[in-house]
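A look at the structure
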Amino acid sequence: MHDRYEPNEFEQKWRDRWREADLFRTREDAARPKFYALDFFPYPSGAGLSVGHCRNYIPTDVLCRMRYMQGFNVLHPMGFDAFGLPAENEAIKKQRHPSTMVHEYGATYRRQMELIGNGYDWSRSFYSSDPSYYKWTQWIFKQLFNKGLAYRSNAAVNWCPKDKTALANEEVVGGLCERCGTAVEKRFIPQWFFKITEYAQRLLDDLDDLDWPEGIKNQQRNWIGRSEGVEFEMSVADQTSVPAGYDLDDDSGQKHEALRFRVFTTRIDTIFGMTFCVLAPEYPLVKTLSERASPEKRTEIEAYVQAAKSIGDTTRQATDREKSGVHTGCFAVNPATGKPVPIFIADYVLMGYGTGAIMAVPGHDERDFEFATKYEVPILPVIAPAVEALDQVIASHQAGHAFESKDGVLVNSGEYTGMPVAEAQLNLGVWMESLGIGERKVNYKLRDWLISRQRYWGCPIPILHDADGNVEAVSDECLPVQLPDVERYEPGDDGASPLAAITEFVNATASDGTMAWRETDTMGGFACSSWYFLRFCDPHNFEEAWSLEKVKYWMPVDCYVGGAEHAVMHLLYARFWTKVLFDLGLVPTKEPFARLQNQGQVLAMTPYRLPRPDETLEVGEDAILIGFDEAETMAADQLTWKWARMSKSKGNVVTPEEAVGLYGADALRVYELFVAPFEADVQWSNEGMQGAVRFLSRIFKIAAELQPIYNPGWRRSLGETNGLAKDIRRWTHQTISKVSEDIERFAFNTAVSTLMIYVNNLNDALRKLDAQDASQASAISEALETLILLVSPIAPHSADEIWSSLGHEGFVYLQEWPVANPELAVADEVTIAVQVNGKLRDTITVPASASNEEIETLAMGSDKVVFHLDGKTIRKVIVVPGKLVSFVAN
RNA sequence: GCCGGGGUGGCGGAAUGGUAGACGCGGCGGUCUCAAACACCGUUGAGCUCAAACUCAUGAGGGUUCGAGUCCCUCCCCCGGCACCA
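Remember, predicted model here, so these are calculated numbers, not experimental data.

About the cut-offs
Residues numbered from 1 in each chain as written. Chains lettered and ligands numbered in written order. Predicted model: local features only at pLDDT ≥ 70, side-chain atom pairs only at ≥ 80, totals over all residues. Heavy atoms only, no water. Helix = DSSP H or I, 4+ residues; strand = E, 2+ residues; numbered from the N terminus. Buried < 20%, exposed > 50% of the residue type's maximum accessible area, 1.4 Å probe, protein only. Contact = heavy atoms within 4.5 Å. Lys, Arg positive; Asp, Glu negative; His and termini not counted. Charge placed at Lys NZ, Arg CZ, Asp CG, Glu CD. Pairing = 2+ DSSP bridges. Right-handed = clockwise from strand over helix to strand, strands pointing away. Polar contact = N/O pair within 3.5 Å; in protein donor to acceptor, adjacent residues only side chain to side chain. Near = heavy atom within 4 Å. Nonpolar A, V, L, I, M, F, W, Y, C, P; charged D, E, K, R; others polar. Salt bridge = Lys/Arg side-chain N within 4 Å of Asp/Glu carboxyl O. Arc of directions from axis to C-beta. Axes fitted to C-alpha atoms, helices over the stretch in contact; angles between N-to-C directions. pLDDT = per-residue confidence, 0-100. Phe/Tyr/Trp six-rings, centres within 6.5 Å; stacked < 30°, edge-to-face > 60°. Lys NZ or Arg CZ within 6 Å of the ring centre and 35° of its normal. Core = buried A, V, L, I, M, F, W, Y, C linked by side-chain atoms within 4.5 Å. Disulfide = S-S within 2.5 Å.

Counting its secondary structure elements, chain A contains 30 helices and 34 strands. Each of the three principal axes of chain A carries a C-alpha extent, and together these read 115 × 90 × 65 Å. Looking at the 890 residues of chain A, the share that counts as buried comes to 54%. Put simply, of all contacts in chain A between residues at least 6 apart along the chain, 74% involve residues at least 24 apart. On chain A, the mean spot of the 89 positive side-chain charges and the mean spot of the 125 negative ones are 2 Å from each other.

If you trace the backbone, Ser886 turns up in strand S34 (residues 884-889). Once residues lying within four places of it in the same chain are set aside, the contact partners of Ser886 are Gln835, Gly838, Lys876, Val877 and Ile878.

For the rest of this paragraph, the subject is the pairing of strand S25 (residues 559-562). The two faces of S25 match: Cys559 and Val561 on one face and Tyr560 and Gly562 on the other face are all buried. Pairing of strand S1 (residues 34-39) with S25 involves three bridges; the strand directions are parallel. Each bridged residue has a counterpart across the sheet, and for Leu38 the counterpart in S25 is Tyr560. Pairing between S25 and strand S26 (residues 596-598): three bridges, direction parallel. Bridge pairing in S26 links Gly562 to Asn598. Since S25 and S26 lie parallel, the crossover through helix H18 (residues 570-583) that links them has a hand, and here it is right-handed.

Attention now moves to the side chain of Ser128. Position of Ser128 relative to the elements: it lies in the loop between helix H4 (98-115) and helix H5 (131-146). Assessed through its relative accessible area of 0%, Ser128 is described here as buried. In this structure the side chain of Ser128 is engaged in a polar contact, spanning 2.9 Å, whose partner is the backbone nitrogen of Ala82. Within polar-contact distance, the side chain of Ser128 engages the backbone nitrogen of Phe83 at 3.3 Å. With residues up to four places along the chain from it excluded, the contact list for Ser128 reads Phe41, Phe80, Asp81, Ala82, Phe83, Tyr133, Tyr134 and Cys528.

What surrounds RNA strand B is a group of 54 residues, the closest being Thr266, Gln317, Lys323, Arg367 and Val675. Counting only atoms of RNA strand B within 4 Å of the protein, the fraction found in sugar and phosphate groups is 65%. With respect to RNA strand B, the side chain of Ser227 contributes an N or O atom lying 2.9 Å from a phosphate oxygen. The separation between a phosphate oxygen of RNA strand B and a polar side-chain atom of Arg698 is 3.2 Å. When its residues are assigned to classes, the surface near RNA strand B shows 18 nonpolar, 22 polar and 14 charged.

For the structure on display, the rule yields 50 salt bridges. The partner of Glu171 in a salt bridge is Arg453, with the nearest N and O atoms 2.4 Å apart. With a gap of 282 residues between them, Glu171 in the loop between strand S4 (165-167) and strand S5 (172-173) and Arg453 in strand S18 (residues 452-453) connect regions that are remote in the sequence. In this structure Arg453 comes out as buried when scored by relative accessible area, which is 6%. Arg488 is the partner of Glu490 in a salt bridge, and the nearest nitrogen-oxygen pair spans 3.7 Å. On the basis of relative accessible area, Arg488 is assigned to the exposed category, the value being 65%. Three or more residues are tied together by salt bridges with common partners; here these are Asp16, Arg19, Arg110 and Glu114.

Our next topic: the environment of Ala704. Structurally, Ala704 is set in helix H22 (residues 689-706). In sequence terms Ala704 and Ile802 are 98 residues apart; their C-alpha atoms lie 8.6 Å from each other. If near-sequence neighbours (up to four positions away) are discounted, Ala704 is found in contact with Met1, His2 and Asp3.

All right, on to helix H20 (residues 656-663) then. Every buried residue of H20 is accounted for by Pro656, Ala659, Val660 and Tyr663. Projected onto a plane normal to the axis of H20, the buried residues spread over an arc of 95° and lie on a single side. The exposed residues of H20 that point more than 90 degrees off its buried face are Gly661 and Leu662. In this fold, the buried residues of H20 make contact with helix H1 (7-21), helix H2 (51-69), H4, helix H21 (665-674) and H22. Immediately downstream of H20, the backbone of Gly664 shows phi near 105°, a positive value.

Right, let's talk about the sheet that holds strand S16 (residues 438-443) for a bit. Strand order in the open sheet formed by three strands is S9-S8-S16, and the pairing between neighbours is antiparallel. Whereas interior strands pair on both sides, the edge strands pair on one side only; in this sheet they are strand S9 (260-265) and S16. Each neighbouring strand pair of the sheet contributes to a mean axis angle of 30°, computed without reference to strand direction. With six bridges joining them, strand S8 (residues 227-235) and S16 adopt antiparallel strand pairing. Each bridged residue has a counterpart across the sheet, and for Glu231 the counterpart in S16 is Glu439. In this fold helix H13 (residues 421-435) packs onto S8 and S16, with an angle of close to 120° to the strand it touches most, S16.

Further remarks concern the packing of H21 against helix H25 (residues 748-768). The N-to-C vectors of H21 and H25 enclose an angle of 115°; their axes lie 7 Å apart at closest approach. Across the interface between the two elements, Val670, Leu673 and Phe674 from H21 touch Phe748, Asn749, Val752, Ser753 and Met756 from H25. When its residues are assigned to classes, the contact of H21 with H25 shows six nonpolar, two polar and no charged.

Per-residue confidence for chain A averages 90 on the pLDDT scale, and 97% of its residues sit at or above 70. Within the model, the stretch residues 249-253 combines pLDDT values under 50 with eight contacts to residues more than four positions away or in other chains. The ipTM value of the predicted complex is 0.95, and its pTM value is 0.93.

Turning to the packing of aromatic side chains, a few remarks are in order. Using the criterion set out here, one finds 55 aromatic pairs in the structure. Between Trp531 and Trp546 the ring centres are 5.8 Å apart and the planes differ by 45°, which places this aromatic pair in the tilted class. Residue Trp531 is located in the loop between helix H15 (525-528) and helix H16 (532-535), and its partner Trp546 is located in the loop between H16 and helix H17 (548-554); the two are separated by 15 residues in the primary sequence. In terms of burial, Trp531 and Trp546 fall into one category: buried. For the cation-ring pair, Arg65 lies above Trp18, with the distance from its terminal atom to the ring centre recorded as 4.8 Å. Taking NZ or CZ as reference, Arg67 lies 5.0 Å from the ring centre of Phe35, over its face.

This part is about the nonpolar core. Of all hydrophobic cores here, the largest spans 104 residues; its most connected members are Tyr36, Trp449, Phe533 and Phe576. When near neighbours in sequence (up to four residues on either side) are disregarded, Phe533 contacts Tyr36, Leu38, Met555, Val557, Ala574, Thr578, Pro592 and Phe593. Listed in part, the 89 residues of the second largest apolar core include Leu23, Phe746, Leu787 and Tyr813.

Time to look at unusual backbone geometry. Along the chain, Leu479 connects to Pro480 via a cis peptide bond; the corresponding omega equals 0°. Structurally, the position occupied by Pro480 is in the loop between strand S21 (471-473) and helix H14 (503-506). Backbone torsion omega between Met555 and Pro556 reads 0°, so that peptide bond is classified as cis. Along the chain, the position of Pro556 falls in the loop between H17 and S25. Of note in this structure, Gln95 is not a glycine but carries a positive phi near 60°. Under the relative-accessibility criterion, Gln95 is labelled exposed at 70%.

This paragraph deals with the state of the cysteines. Note on terminology: disulfide describes a covalent bond linking the sulfur atoms of two cysteines. For the structure on display, the rule yields zero disulfides. Here Cys537 stays free of any disulfide, with the sulfur of Cys64 as its closest cysteine sulfur at 14 Å. The exposure class assigned to Cys537 is buried, which follows from its relative accessible area of 1%. Looking at the unpaired Cys559, the closest cysteine sulfur is the one in Cys64, lying at 7.7 Å. Take Cys559: its relative accessible area is 1%, and that puts it in the buried class.

Here is the structure:
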C-alpha cells in the first residue's frame, strides 16, 4: 500500500479498469429510484477542455457517484452539440470539413473527461449532427409546424454581416452578434420563426416552481417582459377641432375620412395628462398623414422617417440621445378630455413593442417630459402624492423632471380626481372597455424565436416550397432531409443559404407529385439542444424520437449543471419545446430541468500592458492584453496582471492534462471542489493544488498505518464502545451525515472540509490508538472504510487504490453509501457558551442529557460568571439546550 | 435608471438569530537533514499584555432582540443582467 498519494502509480490503471468493467453503464432497474444528472451540451471546440470546464463536470460526477452508491439508477450521459456556427466558422478557418473536425474534437473532449475520472455512460453518446439524431430534430420541427407554431415570415431581422446569417433576438447582445461581436444590421429576408410568444405566460408562470438560481429566473422574467396595461383607440381629429394657436398645415381645406390608431399604456391613470401622442417612424399611418400634409410638412416628415431608418437600432435606442421628432400637423382626440392633442413622429417610440404608438404624458414620464420640453408641448400634472400636494409635482417639473409616482392620487382628472392610482387604473380600464374603444391588455417584450440560418452546418429545415409559394412539411418517411456532403459550403452575402446553390439538394417533389424545391435555410444550433436531454433517455431508438415510457421514467432532469450565459437562450428554448411536446402528449413533464446549478468561472492571471498614446482600448478594458511571452520581456512596472476567464484567445488556459500531469486527477478534483463554493468564480493557481495533494497523502498514510489492524469484519465485532472508540464512531457518523448533505446541496467545498476535519481527527486518534483494544480496532476499521466510501466520489482513483490494497475486490462505486446512525453521532458532553448581558464570558462543558436547570446551576458556578454578575441582580435567564446560557442582569 | 447577487483575517472561504473567522493557502517557530526540498508538530484577526483578563472587529450608519455576519430601515461600493419596452 502506498503511504502517500502517488497518482502516476495508479490513476491510469483504475480508469482502464472502469472502462473494461463498463462501470458507468446506465442501470434501469425498475425497483430503484432514478436520478438524471446532466451537464450543458458542449460544443467540442478545437481548444479542448480547460480546468475551467472541469469545474462544471467534476461536481456533477461527484453527485452522480454518490447517488449511484445510494442505490439510484443514475443517468449521466454526455454528447456533443456539433451543429452550428462555432463549429462551422472554425472549420472554414482551418479549411476542413466540419463533420470530420467535430468528431475529432469530440474524441479529445472524451479523452479529457476520462482523464479527470468522470464516469459517463458513453454508450448513450451522440453528436447533434448525426443523421440519426437530426432526423428527429426535423420531426419535432414538423410537430411545431403542424401545430401552427412554426411559420415563415418576411420580417426585419438581425443580420450578422460577418457570420452572414440572421440571428435570433436572444443571440444579439447590446446590438452585437453574441458569437463574434459584430454589429448586427437590419435585413428583410423571409425567415422561419417559432411562436414562442404563444407560450410567454406559461414560460413566466412555471418559473415559480423551479429550483433554479434566482438570478436566472429573474433574467427570464425580464426577457419575457410582461406588462399589464390598456390598449385603446385614438381618432385623428378633423381640422375643424384644431385648437387655436396651432397652425394647421393642411392645404387641402377638405374634410377627411376618420383615421384611427391604437396606443398601449401601462399608466391609463395618467390619461388626463396626455398632451400629445407619438407614432414610431415606421408606423403605417405615418404615410397617410404625410400624404395629407402640406408639401413642406411632407418633406419634413419623409426626411425624418428616412433618417430614423438609416441610423442603426443600437444608436437609435441609446438612452443618452437627445429626443427628436416632428409634428405631423395632425391632431388626435384625448378620449378622456375630448380635447385634441398633436400627433408627433419620434424615433424614441419603437415599432416592435406594443402598438408602435403611444399616448405621451410629459408630466409623469421622463422621456415624454424631455420631448415636450424640447418641442414646447404643454406639461400637465395629473398625479400627486395628495390632492393638496400638487406643489411637489410642479416643483419637480420646474426642476426639469417628470414626476414619476406609482402611488399617490389623481389630480386634474375630472371625476377621477382624488382617486388613488391603483383604483384609477382599474376604473379607467373598465371605462375604456365600456366605451368600446379599448381593453385591458398584457404585452410581452418576448419576440418569436427566429430559427433560420443562412448557413450550411445545421439541421436542414424539412420544408418544401411549391410553385405557388405554398409550403408543406416533408413526409415522415422522407426524414431525415440529409445535409448534402459537399466540399464548399462558405456562406454568401446575399442572404441565401449555401445549400441554395446545390441543385440536387434543392430540387424535390411535393406530396402531390408536382415540382417543388427544398427550404435551404438550416436551423440554428439552439434547435438541436432543445431536446437532446430527451434523446439521452432513449438514444438508440430508430422507430421514434424516444419512447414515452423511457421518457416518463427518466424525465425531468433532476440536476442540470452549466454556465449562466444560457439564461435566455438555451434554457428558454428548451423549456418552450418541452411545453409544446407536453401539449402534444409526447412528454410527461411541463418543465425539462427540475433543478439548475450554475458553476463559477475559473480565472487565470493574465498579463496586460498600458496602452501607448496612439492606441485605443477595447470596450470595458483599461489595458491591452498581451501574450505570456511578451510579458516575460517587459519590465514589471509596465505590466498589469489581471484575473481573466480562461480562454484560448487570452493564452491563459491551463489544460486538464497539465494539471493532472503536475498533481494528479484526484488532486485536481479535490482542489476544484474545495477552493470555493460551486457557484463562485475561482482564481486559479497551480500551487493551490498542493493542499489537495497533502490531504490525499494523509488519507494514504492513515490507511497504510491502519492496514495491519484493519478488520473487514468490524460489524460483527462491534460492541459497546467507550472513550476513544466512542469518539471515533461519533466522528464517523457525524461525517457521514454532513458529507452526504453537503454533496446533495452542491456544497462541495464544505463536504471536502468536513472530510479534512475527519482525517485530522483520525490522524490524532492514531497516536493514541491501542491496537489490542478490540472495540478501538473495530471503530477505527469502520472509520477507515467510511472514509474511503465518503471520499470515493471526490477522489475515485485513490479510493479504489486504497480499497483494493486493503484486500477488497471490485470497485468502491459498487459499494453502498454509508448511512449515518444519529444516535452514534450524538456527543455525551456538550460545550455551552455562557453570556452575561449578551457578552460571551465563559464556556462550560455539561452532559448532553443535562436539564435546563442543571445547565443554569453549572453556569452560575463559573468564576467568570460570578465576577461579571457581581453586584447585579439577575432579571432573566435564557437557556438554549446544547448551545448557551444567557444571564440578563443589572 | 431598473432587476438580481454580493461586501467576513494577508488570501480562498466557514457559520439553522446563539462561542465569528471552521477547513485550506500563505506566514512564523520547531523536528527531521551536512544542507535544502518534502513531510511532521506547534502557532497565526487587531489592540493591550510576561500572562491572565479585558477591549475592538463581518462595507458605513441607525433599529429590533437577552443576543445580529445573519432580521428591518437608510446609505456606499463591487459583480451580473436588462435598458427610450410606453
